[in-house]
Amino acid sequence: MKQKIKNMIYNASKDAYDKGDLPSSDFPEIEVEEPNAGSHGDFSTNISMVMASIQKMPPRKIAEAIIKNINDPDGILDKTEIAGPGFINFFLNKYSWHPVLRKIHEQDALYGASDIGKGKKIQVEFVSANPTGPLHVGHGRGAAVGDSVANILLFCGYNVEKEYYINDSGRQISTLGRSVFLRYKELFEADVQFPEDCYHGDYVRDLAGKARDDNGDKLLSMSEEEAISYCARFAAENILSEIKEDLESFGVVFDNWHSEQKLYDSGKVDKIINDFRKQNIIFEDDGALWFRTKDFGDEKNRVVVRSNGLTTYFASDIAYHQDKFDRGFERVIDVWGADHHGYIPRVSAAIEASGHTRDKFNVILIQLVNLLRDGEPVSMSTRSGEFVTLRDVISEVGSDAARFIFLTRHYESALDFDLELAKKKTNDNPVYYVQYVHARISSIARKAQERGISDIVWNDAAISRLTEPEEIQLIKTMARYPEIVRCSAENMEPHRITYYLMNLASAFHAYYNKHRVLTDEAELTLGRLYLVLAIKKIIRNGLSLLGVSAPEKM
RNA sequence: GCGCCUGUAGCUCAGUUGGAUAGAGCAACGGACUUCUAAUCCGUAGGUCGCAGGUUCGAAUCCUGCCAGGCGUACCA
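Remember, it's a predicted structure, so these values are computed and weren't measured experimentally.

This part covers the layout of surface pockets. Roughly 1,400 Å³ of internal volume is contained in the largest pocket. Lining the largest pocket are 45 residues, with Ala129, His136, His139, Asp339 and His340 sitting closest to its centre. Looking at side-chain class alone, the lining of the largest pocket contains 21 nonpolar, 17 polar and seven charged residues. Put simply, the second largest pocket is a space of about 770 Å³. What lines the second largest pocket is a set of 29 residues, among which Asp168, Ser169, Gly170, Ile173 and Gln261 lie closest to the centre. Contributing elements (two or more residues each) for the lining of the second largest pocket: helix H6 (171–186), helix H8 (224–249), strand E7 (256–259) and helix H9 (260–265). Broken down by element, the lining of the second largest pocket gets its largest block of residues, eight residues, from H8.

This part is about the nonpolar core. Ranked by internal contacts, the top residues of the largest apolar core, which has 141 residues, are Phe417 and Met478. Top element by residues in this core is helix H21 (residues 522–546). It accounts for 13 residues. Leave out the neighbours within four places in its chain, and methionine 478 touches Leu101, Ile104, Tyr111, Tyr500, Leu504, Leu531, Ala534, Ile535 and Ile538.

With that settled, the discussion passes to the sheet that holds strand E15 (residues 415–418). One open sheet holds the three strands; their spatial order is E14-E13-E15, and the pairing between them is mixed. At either margin of the open sheet sits one strand with a lone partner, and together these are strand E14 (376–377) and E15.

Looking now at the pairing of strand E9 (residues 288–291). With four bridges connecting them, strand E8 (residues 282–285) and E9 associate as antiparallel partners. The residue of E9 that forms the bridge with glutamate 284 is leucine 289. Here E8 folds back onto E9 in antiparallel fashion, the turn holding two residues, of which aspartate 286 has a positive phi close to 55°.

Note that aspartate 147 resides in helix H5 (residues 137–155). With a relative accessible area of 2%, aspartate 147 lands in the buried category. In the structure, aspartate 147 is positioned 15 residues away from lysine 162 in sequence and 7.5 Å away in space, judged by C-alpha atoms. In contact with aspartate 147, other than residues within four places in its own chain, are Phe126, Lys162, Gly251, Val252 and Arg403. Here the side chain of aspartate 147 touches lysine 162 through a polar contact of 2.6 Å, side chain to side chain.

Scoring rules and cut-offs
Throughout, a residue's number is its position along its own chain's written sequence, starting from 1. Starting at A for chains and at 1 for ligands, labels are handed out in the order in which the entities are written. For this predicted model, a pLDDT threshold of at least 70 governs which residues receive local features, and a threshold of 80 or more governs which side-chain atom pairs are given and counted, while totals over whole chains, interfaces and linings are taken from all residues. Calculated side-chain values reflect all of the structure's heavy atoms, with hydrogen atoms and water omitted. In this analysis the probe radius is 1.4 Å and the grid spacing 1 Å, with only protein atoms considered; a cavity is a set of points the probe fits into but cannot get out of, a pocket is an open set with protein on both sides within 12 Å along at least five of seven lines, and lining residues have an atom within 4 Å of a point. Grid points are joined across faces, edges and corners, and a volume is the space filled by probe spheres set on the points. Polar here means any residue other than Ala, Val, Leu, Ile, Met, Phe, Trp, Tyr, Cys and Pro, which are nonpolar, and Asp, Glu, Lys and Arg, which are charged; Gly is therefore polar. Only DSSP runs of H or I reaching four residues or more are called helices, and only runs of E reaching two or more are called strands; each is numbered from the N terminus. Side-chain atoms within 4.5 Å are what join buried Ala, Val, Leu, Ile, Met, Phe, Trp, Tyr and Cys residues into a set we call a nonpolar core. Think of it in three bands: with a 1.4 Å probe and only protein chains considered, a residue is buried below 20% of the maximum accessible area for its type, exposed above 50%, and partly exposed in between. Here, residues are in contact when the closest pair of their heavy atoms is within 4.5 Å. Between any two strands, at least two bridges found by DSSP are needed for them to pair. Polar contacts here mean pairs of N or O atoms no more than 3.5 Å apart (in protein, one a potential hydrogen donor and the other a potential acceptor; neighbouring residues in sequence count only if both atoms are side-chain atoms).

The values reported here are purely geometric and, on their own, carry no functional implication.
Printed below as a string of structure tokens:
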């Protein structure tokens, strides 16, 4: 619809120039928007103001020249007007909106989909929590955003892969092994010292118990080094499978799980370090190996191999990001917690050093989640091991409510997640507000079926009965959906869809309270059924991008 | 100190990539269920868009400088 208006303006401008009404044929990009105020029409363009300096004419005069030359072969326009400093407002004939409904019904689950991604191979890596403990709420937000962004990109024609990077190597894993081993030892001996820097959570005791169930006291007869290494692997594997379960119950399924350890085992880390040393991108100083991140815009150089010979996290990240591009991804998106933002310059540096431009690398930084209960902060100390896990949250408030709430804010804003609020089944909690639309319409459809109305298809006579202002408004809102999805994909901002759905839901509920769908008039009823079933399709369609279910009954 | 994020109604937040009179929900007040699900709707009230400059036809939005809060600034992960 917007495109039609654009074409109309373009043709009118051209005709105006041909006839001499406009002195220049240098036309800017035409922008058409939907004004907030209904009194400003259905669409509006600022072209006259933008062209004023080029045409050397006052904006309102330009607007007159364009309007004079407007051609409307399909008869979609009711009227046009010049307003304010020179806006041209277009008022559409209400019948011109009706074909949108047909499109929604035909495209159904694909309404709003596009090919703006052109099949480009793109990777979204998210969660990637260390397998040293259970997922918490912060990971939940990352999971909800990452998964949804990936869904939206897929919907917009990208070839998307969802990946989880497993940090199954390095010091935190041996600390985990030591923690589990010590708790295991406690099961057999008194007076075991448990250091501060070990993991204190209850899950460590659970894992120790499990290790005993599997092995009896066998581990005590091994060398400590062997036992710790066994416990590390045992614990990490167990935790990882718990993480997988949690994510699955949260509706998140990864295409690929990428192991850090395998990057080392395959020699990729050593190779990249050697290559960069030859290129003098990595150099030795004070017994350590340093990456010249400063040459790539970071504030200082960073250590890759410590003087004790151990690699840093950064070392494997260099190899990991190079590996992503080696696998053919044209764009790489990392979803991180905002506390890692200082890490961006060095990873960008690594990417640039491996010969890729940094615009192919995007980081979505997710701000922190404050967990509340009835407005009071819930303590979340990882040290003491007292934190509310994602699993707890899902079982308490449900996956749908949790995911929706995580997506009700721009990820760059900190989020207060109130457990009591999330459980409420009222207007405080927008997820039910949106799902309720789907359930209500489903209910109407069932009632219609009881009345013997089953064949709900496009029918000129029935559709032309849709003339109420609320009906036209609803169709206009529905017509905007594809653009919302596109914006959401371009900016990687799922919350745009969340807000759109709340908006559409609100328009529907208002309509529902004012007008009956099932009336005594067959044609009107059929038209309205066609309308609300289109709404239902968009609600389902949008919720699925967010990873939220669309219930038939509530 | 430096870097990133945030600052919009009493509270929690949107704001169509620079448009016209800045919008929702909650909370407050007043209304609507014998009719398709009241997990809903309608109405009233609520604003110096942190502050000060600048850019232009036009700024919550872009630029500069301040102020406030959060996070980060390891040969940790």
